[in-house]
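Listed below are the residues making up each chain.
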Amino acid sequence: MAAPDIPAALVVLQTHLAAAAAAVDATFTDVGRGLPFLRGRQLRYYWGGEVPPPRFSGAEVLNGQMVGERFLIVGFWPVPDGSETAAADQDAEIISLAGEIRTRLNADNELGGNVDNLILAYADPNLLVVAGGLHVVVTWTLDLAYVEYPLAR
């Protein structure tokens, strides 16, 4: 494969995330790239650092170093009230979104041919209190393979 095109891969990722959010029949106030800000239901993604290249046993090659690029995908849901019905509905929506994201990224694990491969980690839900309001926060790590950086001789 040619060198990965991370910016082009992120355009494809944006398309998949927007489609996943729309498929769960919920009103997401924001689906896009950038750090998350709590504004209702939200799905954001942003750079999460360098990682070992996915699906490679080592990062060192004869004349360079391979580095994976990590992106964090974060979903936010304000908890509407303490009722069990609302909690069950919200839980079902979150599970549905997790499945929609995984289905789309597993089916396009090269993000339109722009990266060699990707690894989507398991969804990790947590509770967060912001400005006195309870939120469900779900985080996925997405590791993209690989950018190769040359080494000087």
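Shown above is the structure to which this text applies.
Here goes a summary of the coordinates provided. Since the model is a prediction, treat every value here as computed from it, not as a measurement.

Thresholds, definitions, all that
Residues numbered from 1 in each chain as written. Predicted model: local features only at pLDDT ≥ 70, side-chain atom pairs only at ≥ 80, totals over all residues. Heavy atoms only, no water. Helix = DSSP H or I, 4+ residues; strand = E, 2+ residues; numbered from the N terminus. Buried < 20%, exposed > 50% of the residue type's maximum accessible area, 1.4 Å probe, protein only. Contact = heavy atoms within 4.5 Å. Areas by Shrake-Rupley, 256 points an atom, 1.4 Å probe, with all protein chains shown as cover. Polar contact = N/O pair within 3.5 Å; in protein donor to acceptor, adjacent residues only side chain to side chain.

### Details of the overall build of the protein
And then number 1: Helices and strands together make up the secondary structure of the protein, namely two helices and seven strands.
And then number 2: Scanning the protein from its N terminus toward the C terminus, one meets helices and strands in the order α-β-β-β-β-α-β-β-β.
And then number 3: Relative to its 153 residues, the protein shows a buried fraction of 40%.
And then number 4: In the protein, of all internal contacts separated by at least 6 residues, the share reaching a separation of at least 24 is 63%.
And then number 5: Accessible surface computed for the protein: about 8,200 Å², of which carbon and sulfur atoms make up 56%.

### A closer look at the environment of A19
And then number 1: Within the element layout of this structure, A19 appears in helix 1 (residues 6–23).
And then number 2: In the structure, A19 is positioned 12 residues away from V31 in sequence and 9.7 Å away in space, judged by C-alpha atoms.

### Some remarks on the side chain of Q90
And then number 1: Note that Q90 resides in helix 2 (residues 84–107).
And then number 2: In this structure the side chain of Q90 is engaged in a polar contact, spanning 2.8 Å, whose partner is the backbone oxygen of P78.
And then number 3: Apart from residues no more than four positions distant in its own chain, Q90 is found in contact with W77, P78, V79, P80 and V136.

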